[in-house]
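Report on the structure
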Amino acid sequence: MKKAAAPRPRPPDPAPDQPGPRYVVLGDGQTTPDSRASRIWQFVRQLILALVPLGIALFFVAVVVHQLRRGTVEIGRIEVPARLVEAGLTPEVVARRLVDALDRASDASQAESARRPMTMLAGAVPDFSVPVAGISLRSLAELVRDLFGLPKTEVSGEILLVQDQLSIRLRLWGRGEVVREEGFAPHAVDALLTAAAPGLWRALQPQIYAWHIAETLQDQEEVLRRLAALRLDPALDTAARDAAAYLTGQALLRAGRPEEALGVFTALTRARPAYAQGWSGTAQALAALGRPDQALAALAEAVRRHRASPWSHLFAARLLLEQGRAAAALEEAEAGLLLAPHQPELGVLRISALAAAGRGADAVAAAAAWRAERPDLAAAHLAEGLALLASGRPEAALSAC
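Bear in mind that the values here come from a model prediction, so they are computed numbers and not experimental data.

1. Examining the overall build of the chain
The secondary structure content of the chain amounts to 17 helices and seven strands. A buried classification covers 39% of the 401 residues belonging to the chain. The contacts in the chain between residues at least 6 apart in sequence include a share of 51% that link residues at least 24 apart. Surface summary for the chain: the accessible area is close to 22800 Å², and the carbon and sulfur share equals 57%.

2. Examining the packing of helix H12 (residues 310-322) against helix H13 (residues 326-339)
The contact between H12 and H13 brings their axes to 8 Å, and the two run at 165°. As judged from the angle between their axes, H12 and H13 are roughly antiparallel. Two packed elements cross with a definite hand, and for H12 against H13 that hand is left-handed. Each of Pro310, His313, Ala316, Ala317, Leu320 and Leu321 in H12 lies in contact with H13, whose residues at this interface are Ala326, Ala328, Ala329, Glu332, Ala333, Ala335, Gly336 and Leu339. Within the contact of H12 with H13, the residues separate by chemical class into eleven nonpolar, two polar and one charged.

3. Remarks on helix H5 (residues 189-204)
Helix length check: H5, at 16 residues, gives a terminal C-alpha distance of 22 Å against a target of 22 Å (1.5 Å per residue), a fit within 8%. Along its length, H5 shows its largest kink, about 25°, at Ala197, and proline Pro198 lies within four residues downstream of that point. Along H5, the residues that are buried comprise Val189, Leu192, Leu193, Ala196, Ala197, Pro198, Leu200, Trp201, Ala203 and Leu204.

4. Section: the packing of aromatic side chains
Aromatic ring pairs are reported here in terms of the distance separating the ring centres and the angle at which the planes meet. One pass over the structure, following the stated rule, counts three aromatic pairs. Plain terms: the ring middles of Tyr246 and Phe265 are 5.9 Å apart, the flat faces sit at 45° to each other, and that makes the pair tilted. Of the two residues, Tyr246 is situated in helix H8 (residues 238-254) and Phe265 in helix H9 (residues 258-271); the sequence distance between them amounts to 19 residues. What makes Phe265 buried here is its relative accessible area of 0%. Seen in terms of ring centroids, Trp311 and Phe315 are 5.8 Å apart; in terms of plane orientation they differ by 0°. Their pairing is stacked. Linking Trp311 with Phe315, this pair stays in helix H12, spanning four residues, or about one helical turn. Assigned by exposure class, Trp311 and Phe315 land together as buried.

5. Regarding H8
Between the first and last C-alpha of H8 there are 24 Å, a value that for 17 residues agrees with the 24 Å anticipated at 1.5 Å per step. Here H8 lies mainly inside the structure; 13 of its 17 residues are buried. Gly256 lies just past H8 and shows a positive phi near 75°.

6. Things to note about the confidence of the model for the chain
This prediction gives the chain a mean pLDDT of 82; 77% of its residues lie at or above 70. Across the chain, the secondary-structure element scoring lowest on mean pLDDT is strand S1 (residues 23-25), at 47, and the one scoring highest is H9, at 96. A low-confidence stretch, residues 23-27 stays under pLDDT 50, and its non-local contacts, those more than four residues away or across chains, total ten contacts.

7. With respect to unusual backbone geometry
Peptide bonds are mostly trans, and most non-glycine residues show a negative phi. Phi is positive for Gln163, which is not a glycine, with a value near 50°. Positionally, Gln163 belongs in the loop between strand S5 (153-162) and strand S6 (165-172). Located in the positive-phi region is Asp164, a residue other than glycine, with phi close to 60°.

Rules and cut-offs
Residues numbered from 1 in each chain as written. Predicted model: local features only at pLDDT ≥ 70, side-chain atom pairs only at ≥ 80, totals over all residues. Heavy atoms only, no water. Helix = DSSP H or I, 4+ residues; strand = E, 2+ residues; numbered from the N terminus. Buried < 20%, exposed > 50% of the residue type's maximum accessible area, 1.4 Å probe, protein only. Contact = heavy atoms within 4.5 Å. Areas by Shrake-Rupley, 256 points an atom, 1.4 Å probe, with all protein chains shown as cover. Axes fitted to C-alpha atoms, helices over the stretch in contact; angles between N-to-C directions. Parallel < 35°, antiparallel > 145°, perpendicular 65-115°, else oblique. Left-handed = near helix turned anticlockwise from the far one by under 90°. Nonpolar A, V, L, I, M, F, W, Y, C, P; charged D, E, K, R; others polar. Expected span 1.5 Å × (residues − 1). Bend = angle between axes of the 7 residues up to and from the residue. Phe/Tyr/Trp six-rings, centres within 6.5 Å; stacked < 30°, edge-to-face > 60°. pLDDT = per-residue confidence, 0-100.

Here's what the structure looks like:
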């Protein structure tokens with residue numbers, strides 16, 4: 001018969017006034033210290049477990065609030081005739097094509113902004129969204145907006161087919177109908193949306209609309225008529241009003257009316273002296289009137305109000321070269337090339353300034369090197385031709401050009 005194992009001895013409890021570890025008896029008779037650190041750790045762990053859900057909830061609320069504050073323009077449901085739906089042009093497809101048309105309409109102003117930083121269009125183009133099925137942060141944000149009655153920018157409308165003619169009506173939430181276009185063939189849905197996009201820009205962002213018509217319409221009288229109508233809008237904000245005035249002056253310059261353009265630019269600089277484009281336009285008008293010194297002074301004021309740009313250096317180099325100040329023109333062209341090394345017009349001006357400064361050999365060498373580096377660039381061949389012509393080699397210049 002097997003002898004039973006003797007029970008493990010239990011450590012004696014310390015006397016109340018004696019230091020020593022406290023023990024807790026486990027189920028199998030083992031003991032472990034119940035220290036202050038373990039109690040603190042248990043408290044911290046419970047606190048973390050309690051705070052994690054709260055942190056997740058706060059993060060979720062912050063994301064929804066951020067979505068609410070983004071100012072996104074929502075392209076809602078665009079109703080379409082059954083004939084178009086059968087061809088695959090569902091309301092969702094038409095909404096996405098409208099977004100594409102809006103993007104194309106803003107391309108002119110975006111390109112102008114990239115070429116001339118003083119146009120101050122940065123951040124002017126809003127985000128567009130098309131609602132998607134299911135739950136998303138955007139849909140939740142819209143639900144919160146509707147729940148609390150917060151203002152929103154939502155586009156809705158319909159395309160109608162009457163007597164084989166397409167028309168479109170677009171409305172803004174809280175403003176009613178803002179676009180009405182009609183008279184398009186049944187298959188010309190994209191053309192219809194393209195025609196509607198500028199009108200929607202006029203309601204959403206008049207500054208983009210002003211740049212769009214100025215850069216896309218060839219008839220300057222029509223540009224002036226539309227800009228004049230836009231400037232009469234009492235709801236126009238300051239940025240759009242400045243852009244409309246500046247573009248009015250530009251249209252007058254293109255129409256061959258520099259005196260009137262100078263009057264517009266002068267009024268703009270008096271009303272808004274901090275608006276750099278007003279000074280830039282003044283410089284262009286003065287140059288067109290044959291007053292280069294005053295034009296350079298106005299251009300310097302534009303640069304002081306904003307900053308130097310490749311375009312401002314280009315304009316200054318042209319004026320200085322026309323005045324016969326080749327060394328100063330060369331400095332301006334080289335300063336512009338530091339900002340935009342691959343700007344063709346600045347490259348041609350630099351070669352021309354070298355030749356005008358009596359450095360024909362340098363001009364020919366620089367032009368030949370440029371042409372060898374970029375044989376595909378017409379400006380490089382033109383620059384070489386101008387350099388050779390200035391060096392008294394007309395036949396070689398003709399061949400280069």
